[in-house]
Each structure stands twice: as structure tokens, then as C-alpha cells.
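In case you want the letters, here they are:
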Amino acid sequence: MKKLLILPGDGIGPEIVAEAVRVLEALRERFGLALEWEQALVGGAAIDATGGPLPEETLKLAREADAVLLGAVGGYKWESLDISIRPEKGLLGLRAGLGLFANLRPALLYPQLASASTLKPEVVAGLDLMIVRELTGGIYFGQPRGIRTLEGGEREGFNTLVYRESEIERICRVAFEIAGKRGRRVCSVDKANVLECTELWREVATRTANDYPDVTLSHMYVDNAAMQLVRAPKQFDVMVTTNLFGDILSDCASMLTGSIGMLPSASLDAAGKGMYEPIHGSAPDIAGQDRANPLATILSVAMMLRYTLDAPCLADRVESAVDRVLDQGLRTPDIHTEGTREVGTRAMGEAVVAALEGSS
Ligand code: IPM
Ligand code: MG
């Protein structure tokens, strides 16, 4: 029996996770999924209950589990706290504490949503892109960091962008492996014209590519990559990049698909253990209103079934169920367009559960 730790977190987190749990329950009851789960606190919810965003107990349970399903963290309520104890630190602590260095963020356009994207349908139709983001290094974690007061009293903020060759190599390998099973193209994104750290990134990516003769490697500066993503996104198959660039480019890529509310993610360690979460945040402005889109979280469950639980047929089943509810014309407000039916978080979750039955 595999073990899952569920961390609903803050804002819309609990609502969207509840719908994902409904899907898991159906898979367990009706389709033989052997999985048990428990819940724990992270983020603002953990700050309120324990004083810190990542209680020892949560990290311990996460280490013991085979997979973690996370909603979202953060909200207005905790924004004035010191950065070292904000809800986001809970998420970063989990990523670092579990060694989840490989973040996979697929941007897939469901044809039914082509008109929900702000880009022209012909630009995004057929889009199927995978962003592989390094997740436990780079400027997010580099030392030294802080805000110091200079002589004369002016303050200065500083962070450090740092990558070791081994860190670059292992994330590039993940990208090459994935590309080998898809379109066999990897675009490594850097800023090698300005930052030495990413000059090394480019060199290591090039060297590592020699071990993957079936895969073609190209390089792109991050500013150009941002432009190309909105100009002609279908030129990309797999993109591999640093923690910060991947954070930015994946939000950008999400909009190609109609809504950030559609994008799941997997964060994996070297052994394939993973944390699964939607890439959107806690959206405190719509929390508790039954307006949030649960599909990114439900699709994160599909990624978990595929990457950690070794249940690809159930993953397919969940993905086709999502496809079917979109076919039925059901839309949460973020993807709602004329001629479709607007539904809430809960109704969307229920519709996916109902559609599981008929899916392959
Ligand atoms: C993401 C989020 C996080 C990040 C925040 C909440 C710390 O934006 O998962 O993309 O920056 O990594
Ligand atoms: Mg982000």
C-alpha cells in the first residue's frame, strides 16, 4: 500500500484539494487504486497553528510518504511577516528537504480551450510543451543572501545565483530522458551572455547532450525564450532551465493554455518520489467562493499516478475524464467563454468523478 501526504495549504488550496481527493476516493473505491493518505499543515495554516510554515511533523510525514499532494500556500494575512517565516518558506523547505530537484511543468492546450487563451487559436492549437525547471538550487537557495545596511545607512539587498556542475548535469539528464520519450528536442534556457553561472550551465548542458545522441539540444537566452513562447510556442518540445527562469517561463507558458488554473506539476527527487501541485498560487481573492478551477490539482493527481504510483492506466483515465468534462462544455470562471456553461469548483470536481466511469 502506497502512502500519500496531503497538504491543502491556504487560500483556494483546501477547496481544490478536496476535489482531487474526491477523484482519489473514486479511484480507490472503483478502480483498485491501492493508496492511503493523511493530511498535514503547511504554509499560513501551519503558521497559525504552530508558529512556523513547515512543522517538523509535516516534514517527517512527507519524508515517510511515497508522494505529496499540495494545494497552494500564502495569502494577504501573512504578507507582513519576515520573509524567513512566510508561508512560501514552507513550500521551499519541502522542496529542499525532500531533494525535489526536478520540476516538470507540462503546458498542454486542450483543443476545447483554444479560444480561452489570450493568444490566437492558430498560435496555440496543438501546443504540448514540457518545462523542466531546476527546483532546489540557483538564486532561490544561494548563499549569501539578505538585506544589509551599508556605511552611511543606505540598505542593500543581495542574493546569489550559484549552480554546481553536478546540479546542472542532473537536471539536464531529466530533460533529455523526457525528450527521448516525446519530440526529442531540448531547448536549454540561460543568460550566458551576461551571467557566468549560466555560461557554465550552457557548457554542462552541451557536454551532457553527448550522452543522448537521439535528442537535439538548442540554447536560447531567457529574454528571447520569453518572447518566443508568446510568438511561436509550438517550436518547443522540452525546455530546461534554472529555478528562477523556470518560475517565470512556466507562468508565461500557462497562459498559452487558456488559464493558469489548468497546469499541473510534478517535483521529483532522484528516486522518482514526488510532490504534486498545481502551478498556480493560493488566489486569496477568490478563496472560499467556489470559483477556483480544480483541474490543475486533479491533473496533478494524474501526474502522481504516472510518475510515482506507477499506475499509467489510471493516469490516462483521469486525463480523459478532464477531457470529457471540457467536451461537455463545463467551465470554471477562469476558462469560461461564450457558449459554455459556468460551474463552480465543486461541480467541476463532481463532473470529473462522474466522467471517470466512462473514460478509458
Ligand atoms: C511556483 C511558485 C513558488 C515559486 C512560490 C509560491 C514560492 O511561484 O511554484 O512557481 O516561486 O517557486
Ligand atoms: Mg511561480
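Residues numbered from 1 in each chain as written. Chains lettered and ligands numbered in written order. Predicted model: local features only at pLDDT ≥ 70, side-chain atom pairs only at ≥ 80, totals over all residues. Heavy atoms only, no water.

Asks: Lay out the domain arrangement of the protein with the relevant residues and their values.
Replies: For the protein, the assigned domains read domain 1 (1-105 + 263-360) and domain 2 (118-257). Summarising the inter-unit geometry, the C-alpha centres of domain 1 and domain 2 are found 24 Å apart. Listed per partner, the contact involves 15 residues of domain 1 and 20 residues of domain 2. Of the roughly 1500 Å² buried where domain 1 meets domain 2, counting both sides, 67% is carbon and sulfur surface. A per-residue breakdown of the area domain 1 buries against domain 2 is headed by Phe101, Asn103 and Arg105, which together make up 45% of the total. The interface formed by domain 1 and domain 2 contains zero salt bridges. Inspection of the region where domain 1 meets domain 2 yields four residue pairs in polar contact (both at pLDDT 80 or more). Elements that contribute at least two residues to the side of domain 1 that touches domain 2 include exactly α4 (87-97) and β4 (102-108). Within the side of domain 1 that touches domain 2, the residues separate by chemical class into nine nonpolar, three polar and three charged. (Domains from an automatic or database assignment. Contact = heavy atoms within 4.5 Å. Buried area = accessible area lost by both parts, 1.4 Å probe. Salt bridge = Lys/Arg side-chain N within 4 Å of Asp/Glu carboxyl O. Polar contact = N/O pair within 3.5 Å; in protein donor to acceptor, adjacent residues only side chain to side chain. Helix = DSSP H or I, 4+ residues; strand = E, 2+ residues; numbered from the N terminus. Nonpolar A, V, L, I, M, F, W, Y, C, P; charged D, E, K, R; others polar.)

Asks: Outline the side chain of Glu19, supporting the account with residue identities and numerical values.
Replies: Along the chain, the position of Glu19 falls in helix α1 (residues 13-31). With a relative accessible area of 4%, Glu19 lands in the buried category. (Buried < 20%, exposed > 50% of the residue type's maximum accessible area, 1.4 Å probe, protein only.)

Asks: Can you explain the packing of aromatic side chains? Please cite residues and give values.
Replies: Enumeration according to the criterion identifies two aromatic pairs in this entry. Where Phe176 meets Tyr212, the ring centres are 5.0 Å apart and the plane angle is 25 degrees; that geometry is what we call stacked. One end of the pair, Phe176, is in helix α6 (residues 165-180); the other, Tyr212, is in the loop between α7 (196-209) and β9 (216-221), with 36 residues separating them in the sequence. Here Phe176 falls in the buried class, since its relative accessible area comes to 1%. Cation over ring: Arg28 sits above Trp37, and NZ or CZ is 4.1 Å from the ring centre. Between the NZ or CZ atom of Arg148 and the centre of the ring of Phe158, over which it lies, the distance is 3.7 Å. (Phe/Tyr/Trp six-rings, centres within 6.5 Å; stacked < 30°, edge-to-face > 60°. Lys NZ or Arg CZ within 6 Å of the ring centre and 35° of its normal.)

Asks: Help me get a handle on the pairing of strand β12 (residues 274-278), residues and values and all.
Replies: Counting buried positions over the five residues of β12 gives five, a clear majority of the element. Of the two faces of β12, the one carrying Gly274, Tyr276 and Pro278 and the one carrying Met275 and Glu277 are both buried. In this sheet, β12 lies alongside strand β3 (residues 67-72) in parallel orientation, the contact comprising three bridges. Counted as the bridge partner of Val68 is Met275 from β12. (Pairing = 2+ DSSP bridges.)

Asks: Run through the pattern of salt bridges, naming residues and quoting values.
Replies: Here the structure, examined in full by the defined rule, presents 19 salt bridges. Between Lys191 and Asp223 there is a salt bridge, and its shortest N-O distance comes to 3.2 Å. Pair noted here: Lys191 is in the loop between β8 (185-190) and α7 and Asp223 is in helix α8 (residues 222-231), with a separation of 32 residues, a long-range link. The residue Arg346 makes a salt bridge to Glu350 at a minimum N-O spacing of 3.5 Å. On the criterion of helical spacing, the pair formed by Arg346 and Glu350 is a turn pair, its members being four residues apart in helix α12 (residues 345-356). Classification of Glu350 as partly exposed rests on a relative accessible area of 39%. One network of salt bridges, in which partners are shared, links Glu165, Glu169, Arg173, Arg207 and Asp211.

Asks: Can you lay out unusual backbone geometry for me, pointing to particular residues and giving the numbers?
Replies: With omega at -5 degrees, the peptide bond leading from Gln143 into Pro144 counts as cis. Structurally, the position occupied by Pro144 is in the loop between β5 (128-134) and β6 (146-149). Positive phi, close to 60 degrees, is recorded for Arg184, a residue that is not glycine. Mapped onto the secondary structure, Arg184 falls in the loop between α6 and β8. The partly exposed category is assigned to Arg184, whose relative accessible area is 38%.

Asks: So what's going on with the sheet that holds strand β1 (residues 2-9)? Residues and values would help.
Replies: Taken together, ten strands build an open sheet; the order of strands is β2-β1-β3-β12-β11-β4-β5-β10-β8-β9 and the sheet is mixed. Edge positions in the sheet fall to β2 (35-39) and β9, since each of these pairs with one other strand and no more. Shown here is a sheet whose adjacent strand axes are inclined to one another by a mean of 20 degrees, direction ignored. Pairing between β4 and β5: seven bridges, direction antiparallel. The residue bridging Asn103 from the neighbouring strand is Arg133, located in β5. Across the sheet, helix α3 (residues 56-64) is in contact with β1, β2 and β3; its angle to β1 comes to roughly 145 degrees. Helix-sheet contacts for α7 involve β5, β8, β9 and β10 (238-241), and the interaxial angle to β9 is about 170 degrees. (Axes fitted to C-alpha atoms, helices over the stretch in contact; angles between N-to-C directions.)

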